[in-house]
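Structural description and commentary
Residues per chain are reported as follows:
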Amino acid sequence: MSENADSSKLLSIPSNAGRAIVGSAAVLARPLLKTADFAKFSQARSLDVDPARLLRLERLGLFAPVFRVKTPEEDVPPMRIPHGDGDDWFERGWAWDTTFVPIRHEIPRDEDRSQEGYYSVFQLDYLRIVLSELTLPVQLDQLLTKGPQLPANWERSVADVVEWTRSSLTSAREHAFRPAVALLCQYISNRYYPAAMSDMRSTRMRSTTSWDSWIEVGDPRKSAEDHAARVDPADVASRFNLTPARLRHAYETLAHSQETVDPLARWYPLVQFVAVDERERLKGKALLAETLRRGSLMLRALHRDLYNEELPPPNEVAGTVINYIPELAVRSNQRRYLEFVVNDYGLNPQPKLVLFVEGQSDERAVHLLFERLFGYTTYKAWIEVVAVRGVDNATGTREDGYRAIMRLIDYLHHHQTLGIVVLDNENNAVKLKREGGKMRSFFGHRNRVTRPEYIHVWKTSFEFDNFSDTELALCLTRACGGTFVFRRAEITLCRKSPQPGSALTRLYRQRTSADLNKMRLSDELVDQIFAADARRKVENRPIVKLLQRIARLALRNPPPVTQEIYDANQQSRFLAKKS
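Residues numbered from 1 in each chain as written. Predicted model: local features only at pLDDT ≥ 70, side-chain atom pairs only at ≥ 80, totals over all residues. Heavy atoms only, no water.

1. Topic: the pattern of salt bridges
The following threshold applies: Criterion for a salt bridge: a side-chain nitrogen of Lys or Arg within 4 Å of a carboxyl oxygen of Asp or Glu. Numbering of helices and strands runs from the N terminus, with a helix taken as a DSSP run of H or I at least four residues long and a strand as a DSSP run of E at least two residues long. Summary of the burial criterion: residues with accessible area below 20% of their type's maximum are buried, those above 50% are exposed, and those between are partly exposed, where the area comes from a 1.4 Å probe applied to protein chains only.
Tallied over the entire structure, the rule returns 35 salt bridges. Note that Arg68 and Glu58 form a salt bridge whose closest N and O atoms lie 2.7 Å from each other. Within this pair, whereas Arg68 is found in strand E2 (residues 67-70), its partner Glu58 is found in helix H3 (residues 51-59), the two being separated by ten residues in sequence. One exposure class covers both Arg68 and Glu58, and it is buried.

This is how it looks when you write it as structure tokens:
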């Protein structure tokens, strides 16, 4: 429990700090806890205490509550915080400050129910240290394997440890720095605790109303913002005799403690964005670290307000950071910050590539083919397949030409998602390919929106480019359940039509008196690609070559984790032509 830092950097406890905390109602945003509740709070964070042990620590002069109350000698309402007229129990001797070091107040007996102590959750860091020095780990298996008798020196060894601990109590009882850090955190909690309860996007500005048999906490006359505004950083600095060095040292100490105990320390950049309610569901030391993190964030915010200096975040206090990921300048944009963080952890669900196809049947064919070719889905490859429901929806009308889908691709490329368009050769599809490759970007990082080869137009259509007339006739026959048999010559006539796709649909309707189920036809076409008696090899089908290329492009498009990488990607030839 010794402190090796220069004494000029150490906080000290102001006189009557506990009374000042109660008097300023610095318990509204983060209430104090009575002994039993504080013990449960500590146990949930892997600190082995109960009310009886807390009293023992108090008797040893090592750890005490913020203040104590006793049963008044007359019948009066509970102590109110904030104080009203005649509510100051400290003045009337029914409450007393217990923050003095060394401890000098009277400690109640175990069976005494006429008193109650109130603790701050920010005292957990010091409690952790006290418990670590008063807890002796024993590996019983070492003793059990030595035979039925305990080693001769066993009792002597234990006695030596007890005696050494007893001799160190004197200096431990004088330790004031970490208790002072806890009291400072509690004193500023009305102003800074709500922001520390943030998920980097929203904060909880609320005052707490609570009561028990001893005290009532709450002030319906004022809002949480009113109480936050009453905490004057300059007054705090004066009361705790702060200097930049002292406050910085206090912050770094608490940040080090958090990182020391936190099993999720390496995940801190991600955890800070997790919803507060979900972080409250953490267990043990991870939950303890969350409590310490909030205290450290409060001290960091106070330092910023007092000295106009932004200290490193808690996870970057220890060691030397060579490259900030992402860069410090990015972090003021919380959405961008989160985007880079989830990219770094591989958790961004944003697609790496969006494939625009003409219709739902093409979309189905792509999904089926992809899984049968590569053994995994488009979703696993971070590829999104979007049906534009017809060439006209992709190419637009005469008024807007091809601009709509190209502007969408421009936006996707701006967000590092590659856009690929695959269309049948109908209407304005060829014009879209020709003009789309020349279109200039809105976003400034790239001269062009895309590369011409990212707009793929079939020579005729998906069906006629990838399947022979004989295969199409066979698949149409299967699509109608074999009720009607289609001939190669009929398909050949459709191929020669100015609009082969429409001709194929009309043929089916004429022969069957029913609309063509294009989804069923897609299933049959995909099966035909892999048919054992197919004359064309799988790898020679144009759609297979296209999907292989698309899979490679998605693989080559890892999401950026820094602004520098993002800028380099945007200016590369991967997304668009240079000029």
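Still to come is the rest of the account.
2. Details of the nonpolar core
Definition in use: Only buried Ala, Val, Leu, Ile, Met, Phe, Trp, Tyr and Cys residues count toward a nonpolar core, and they belong to the same one when joined by side-chain atoms within 4.5 Å. We call two residues contacting when some pair of their heavy atoms lies within 4.5 Å.
Counting 82 residues, the largest nonpolar core has Phe67, Met79, Leu184 and Leu299 as its most contacted members. Among residues more than four places away in sequence, those in contact with Phe67 are Val22, Leu32, Met79, Phe90, Ala95, Trp96, Asp97, Thr98, Glu116, Gly117 and Tyr118. In this structure, Leu418, Phe467, Cys475 and Leu547 belong to the second largest nonpolar core, which totals 46 residues.

3. Quick notes on the packing of helix H23 (residues 488-496) against helix H24 (residues 500-512)
Selection criterion: Axis definition: a line fit to C-alpha positions, over the contact stretch in the case of helices; interaxial angles, taken between N-to-C directions, run 0 to 180 degrees. Note on convention: near helix rotated counterclockwise from far helix by under a right angle means a left-handed crossing. Clockwise means right-handed.
It is the contact of H23 with H24, at a shortest axis distance of 7 Å, that shows an interaxial angle of 145°. H23 and H24 meet at a crossing whose hand is right-handed. Along its contact with H23, which presents Glu490, Ile491, Cys494 and Arg495, the element H24 presents Pro500, Ala503, Leu504, Leu507 and Arg511.

4. Regarding the pairing of strand E5 (residues 115-119)
Selection criterion: A pair of strands counts as paired when DSSP detects no fewer than two bridges linking them.
The buried fraction of E5 is high, at five of five residues. Burial along E5 is two-sided: Gln115, Gly117 and Tyr119 and Glu116 and Tyr118, pointing in opposite directions, are all buried. Taken together, the two bridges between strand E1 (residues 33-34) and E5 define a ladder with antiparallel strand orientation. Within E5, the position partnered with Lys34 by the bridge is Tyr118. One ladder, built from four bridges, connects E2 with E5; its direction is antiparallel. Bridging from a neighbouring strand, Phe67 pairs with Tyr118 of E5.

5. Notes on a nonpolar patch on the surface
Applicable threshold: Only residues whose relative accessible area exceeds 30% and that form no salt bridge are eligible for patches; like-charged ones are grouped when within 9 Å, while nonpolar side chains (Val, Leu, Ile, Met, Phe, Trp, Tyr) are grouped when within 5 Å. Accessible areas in this description were obtained via Shrake-Rupley with a 1.4 Å probe; residue shielding takes into account the shown protein chains only.
Taken together, the side chains of Leu136, Val138, Leu140, Leu144 and Val161 define a hydrophobic patch exposed on the protein surface, amounting to about 470 Å² of accessible area. Mapped onto the secondary structure, Leu136 falls in the loop between helix H5 (124-133) and helix H6 (140-144). The class for Leu136 is partly exposed, based on a relative accessible area of 47%.

6. Some words on the pairing of strand E8 (residues 353-357)
Cut-off, in case you're wondering: Consider the strands pointing away from the viewer: the crossover is right-handed when the path from the first strand over the helix to the second runs clockwise.
Here E8 lies mainly inside the structure; five of its five residues are buried. In terms of strand pairing, E8 meets strand E9 (residues 383-387) through five bridges, oriented parallel. What sits directly across from Leu353, in E9, is Ile383. Crossover E8 to E9 through helix H17 (residues 360-374) is right-handed. Where E8 lies against strand E10 (residues 418-423), four bridges are found, and the strand directions are parallel. What sits directly across from Val354, in E10, is Gly419.

Functional significance is not addressed by these values, which are geometric in nature.
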